[in-house]
Amino acid sequence: MKPDAASALIHHPYEAPAGFMAPQVGVYKASTVMFRNVAAMRARDWRSKAGYTYGLHGTPTTFTLEARIAALEGGRHCQLVPSGLAAIMLVDLALLAPGDEVLLPANVYGPSRELARHELARFGVTHRLYDPLDAAAFAAMLTERTKLAWLEAAGSVTMEFPDLPGLVAAAKHHGVLAALDNTWGAGLAFDGFALGIDIVVQALTKFPSGGGDVLMGSVTTRDEALDERIKLTHMHLGLGVAGNDAEAVLRSLPSLPLRYRAQDRTARELAAWLQGRPEVARVLHPAFESCPGHAHWRALCTDAAGLFSVLFDERYTQAQVDAFVDGLKLFGIGYSWAGPRSLAVPYDLKAMRPGGALRGHLVRFSIGLEEAAPLRADLEQALNAAFG
Ligand SMILES: *Cc1c(COP(=O)(O)O)cnc(C)c1O
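K.L.:
Looking at this structure, I do not really get the domain arrangement of the protein. What am I missing?
P.N.:
Note on interface size: it is often stated as the accessible area lost on association of the parts. Taken domain by domain, the protein holds domain 1 (38-254) and domain 2 (256-387). Relative to domain 2, the C-alpha centre of domain 1 lies at a distance of 27 Å. Facing the 37 residues of domain 1 at the interface are 35 residues of domain 2. Area buried by domain 1 at its contact with domain 2 is led by V157, W184 and F207, which between them contribute 24% of it. Connecting domain 1 to domain 2 are two salt bridges. Among the ionic pairs, R353 bridges to D131, the shortest N-O distance being 3.5 Å. Viewed at the interface, domain 2 and domain 1 are joined by 11 residue pairs in polar contact (both at pLDDT 80 or more). When its residues are assigned to classes, the side of domain 1 that touches domain 2 shows 21 nonpolar, 11 polar and five charged.

K.L.:
Would you mind showing me how to read the pattern of salt bridges here?
P.N.:
Two side chains that carry opposite charge are able to pair once their charged atoms sit near each other. Tallied over the entire structure, the rule returns 16 salt bridges. With a shortest N-O distance of 3.8 Å, E228 and K231 are connected by a salt bridge. Placement of both E228 and K231 in helix α8 (residues 224-236) is noted, with a separation of three residues, approximately one turn of the helix. Three or more residues joined by partner-sharing salt bridges are found here, namely R113, E114 and R117.

K.L.:
Even after reading the chapter, I still don't get the site of the ligand, so can you show me in this structure?
P.N.:
Taken together, S83, G84, L85, Y109, E152, D181, T183, A203, T205, K206, L215 and W337 make up the full set of residues adjacent to the ligand. Within the backbone of G84, one N or O atom sits 2.7 Å away from an oxygen atom of the ligand. One of the side-chain nitrogen or oxygen atoms of W337 is found 3.1 Å away from an oxygen atom of the ligand. When the free accessible area of the ligand is taken as 380 Å², the share hidden by the protein chains comes to 90%.

K.L.:
How should I be thinking about the sheet that holds strand β9 (residues 307-312) in this particular structure?
P.N.:
Whether parallel or antiparallel, the strands of a sheet pair through hydrogen bonds between backbone atoms. Taken in spatial order, the four strands line up as β8-β9-β11-β10 in an open sheet, and their pairing is antiparallel. Each edge of the open sheet carries a strand with a single partner, namely β8 (280-284) and β10 (343-347). Between one strand and the next, the sheet's axes are offset by a mean angle of 25 degrees, whatever the strand orientation. Bridge count between β10 and strand β11 (residues 361-366): five bridges; the pairing is antiparallel. Along β11, the bridge assignment pairs Y347 with L362. Running at roughly 10 degrees to β9, helix α10 (residues 256-275) makes contact with β8, β9 and β11 of the sheet. Running at roughly 15 degrees to β11, helix α12 (residues 318-327) makes contact with β9, β10 and β11 of the sheet.

K.L.:
Is there a simple way to think about the environment of Y109 in this case?
P.N.:
Within the fold, Y109 resides in the loop between β2 (101-105) and α5 (110-118). The partly exposed category is assigned to Y109, whose relative accessible area is 30%. Residues Y109 and Y335, 226 residues apart in the sequence, show an inter-C-alpha distance of 12 Å. Ignoring any residue separated from it by four or fewer positions in sequence, one finds Y109 in contact with L85, I88, E152, S156 and D181.

K.L.:
Looking at this model, I keep getting lost on the side chain of T53. Mind explaining?
P.N.:
Within the secondary structure, T53 is located in the loop between α2 (38-43) and α3 (60-73). Accessibility expressed as a relative area gives 18% for T53, which makes it buried. Sequence-distant contacts of T53, that is, excluding residues within four places in its chain, are made with V33, F35, R44, D45 and W46.

K.L.:
So what exactly am I meant to see when it comes to the pairing of strand β4 (residues 146-152) here?
P.N.:
Strand residues, when the strand is regular, have side chains that alternate between the two faces of the sheet. Here β4 lies mainly inside the structure; six of its seven residues are buried. Bridging between β2 and β4 involves three bridges; their strand directions are parallel. What sits directly across from L103, in β4, is A149. Direction of pairing for β4 relative to strand β5 (residues 177-181): parallel, over a ladder of five bridges. Across the sheet, the residue bridging to W150 is A179, located in β5.

K.L.:
Help me out: how do you make sense of α5 in this one?
P.N.:
Residues spaced three or four apart along an α-helix point in a common direction, a consequence of the helix completing one turn every 3.6 residues. Of the positions making up α5, those classed as buried are G110, S112, R113, L115 and A116. Turning to α5, the residues buried within the fold contact α4 (84-95), β2, β3 (126-130) and α13 (349-352).

K.L.:
Mind showing me how you'd approach the packing of aromatic side chains here?
P.N.:
Throughout the structure, instances matching the rule amount to 14 aromatic pairs. Ring plane angle 80 degrees and centroid distance 6.1 Å describe the contact between F161 and F190, whose orientation is recorded as edge-to-face. Here F190 lies in the loop between β5 and β6 (199-203) and F161 lies in the loop between β4 and α7 (164-173), a separation of 29 residues in the sequence. In terms of burial, F161 and F190 fall into one category: buried. The interplanar angle of 80 degrees and the centroid separation of 5.7 Å between the aromatic rings of F207 and W337 together place this pair among those described as edge-to-face. On the criterion of sequence distance, the pair formed by F207 in the loop between β6 and β7 (217-221) and W337 in the loop between α12 and β10 is long-range, its members being 130 residues apart. By relative accessible area, W337 is classed as buried at 8%. One aromatic cluster in this structure is built from F308, F312, Y316, F324, F331, F365 and F387.

K.L.:
Explain the packing of α4 against α8 here, please?
P.N.:
A pair of packed helices can be characterised by two numbers: the angle between their axes and the separation between those axes. The N-to-C vectors of α4 and α8 enclose an angle of 110 degrees; their axes lie 9 Å apart at closest approach. As the angle between them shows, α4 and α8 are arranged roughly perpendicular. Mapping the contact onto sequence places L90, L93, A94 and L95 in α4 and L226, R229, I230, T233 and H234 in α8. Its residues placed into classes, the contact of α4 with α8 shows six nonpolar, two polar and one charged.

The rules behind the values
Residues numbered from 1 in each chain as written. Predicted model: local features only at pLDDT ≥ 70, side-chain atom pairs only at ≥ 80, totals over all residues. Heavy atoms only, no water. Domains from an automatic or database assignment. Contact = heavy atoms within 4.5 Å. Buried area = accessible area lost by both parts, 1.4 Å probe. Salt bridge = Lys/Arg side-chain N within 4 Å of Asp/Glu carboxyl O. Polar contact = N/O pair within 3.5 Å; in protein donor to acceptor, adjacent residues only side chain to side chain. Nonpolar A, V, L, I, M, F, W, Y, C, P; charged D, E, K, R; others polar. Helix = DSSP H or I, 4+ residues; strand = E, 2+ residues; numbered from the N terminus. Near = heavy atom within 4 Å. Areas by Shrake-Rupley, 256 points an atom, 1.4 Å probe, with all protein chains shown as cover. Pairing = 2+ DSSP bridges. Axes fitted to C-alpha atoms, helices over the stretch in contact; angles between N-to-C directions. Buried < 20%, exposed > 50% of the residue type's maximum accessible area, 1.4 Å probe, protein only. Phe/Tyr/Trp six-rings, centres within 6.5 Å; stacked < 30°, edge-to-face > 60°. Parallel < 35°, antiparallel > 145°, perpendicular 65-115°, else oblique.

Listed below in structure tokens is the structure:
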């Protein structure tokens, strides 16, 4: 983890209103932002973030959050959008045109693939899936039509950690823009821009919020011209976020590194314990040797998100696996992750990773902020009841 990540988030510059020396950021809410006179209104450039034009284009609260997310990611410019999926959509719509192709990893966040399949296809943009572990095969897929390649490290269900340096080098070599979905890394586990990635997206819904109560996404860039394209599309699409939601994320940011570490520690303890259970054929956690891409993770990271999957042996029925998940008392059943509450979800392996070599029944665990011992006891009683 970046050694000063917490200090940087807590001490990020913020100017409080005159005479009010509190470090917490104010919540500003507006649709209308008024101008002193017509000349001031005409002089205002809606593309510039040096001032305010209209609530949808930003407030002091959203601009502060943008600056903090940009700093967290190691970028310069950031646009906020109402969800992580909207961040992916914004990048796609800003950078792709009819006739273009976008490449997605085979283990991509599912809704991103559906977006390409159903919406981008209608606008004449095609997509293909690549094996995130095979940079050479990825390089061989790049054509003149390839304009954008999405990267995800690690995959959020099957957990493969890709060969990021190899994939980015191939994309650069062919002049293809590389966009990273950095929700797993949260801007902490590794530095995407240092690897040469052009655009870094995050579902702020996950770690930066941490509360399980906000939906938001971010698109961060370093390059001025790229930011300009994304910013214009952002405005044309009418995307914006609410002041109260931005405040909730701002409030959670200082504890982000602590939460990330705590969830990582608990997740590894539980994954190691599950690895020793006879029902579990394989643990899929990037820090474990049993996980495809583990060597890529080790080359780049020491930290990991509190997220992992296990494969139950094929000799069990799906009904037994479902009974195990139903039998969990502390773990909730539900989507999303990085909130205070631990969650478990069975996924259809073939749908999540088409063409993959993994076998068995997959259950994905998102570890919350509970202690390891009660979570382990819960896993144990549910395993014994369902498989015993
Ligand atoms: C959750 C998630 C998203 C989408 O975020 P939402 O805010 O739920 O739309 C995108 N990518 C990854 C990897 C995610 O886990």
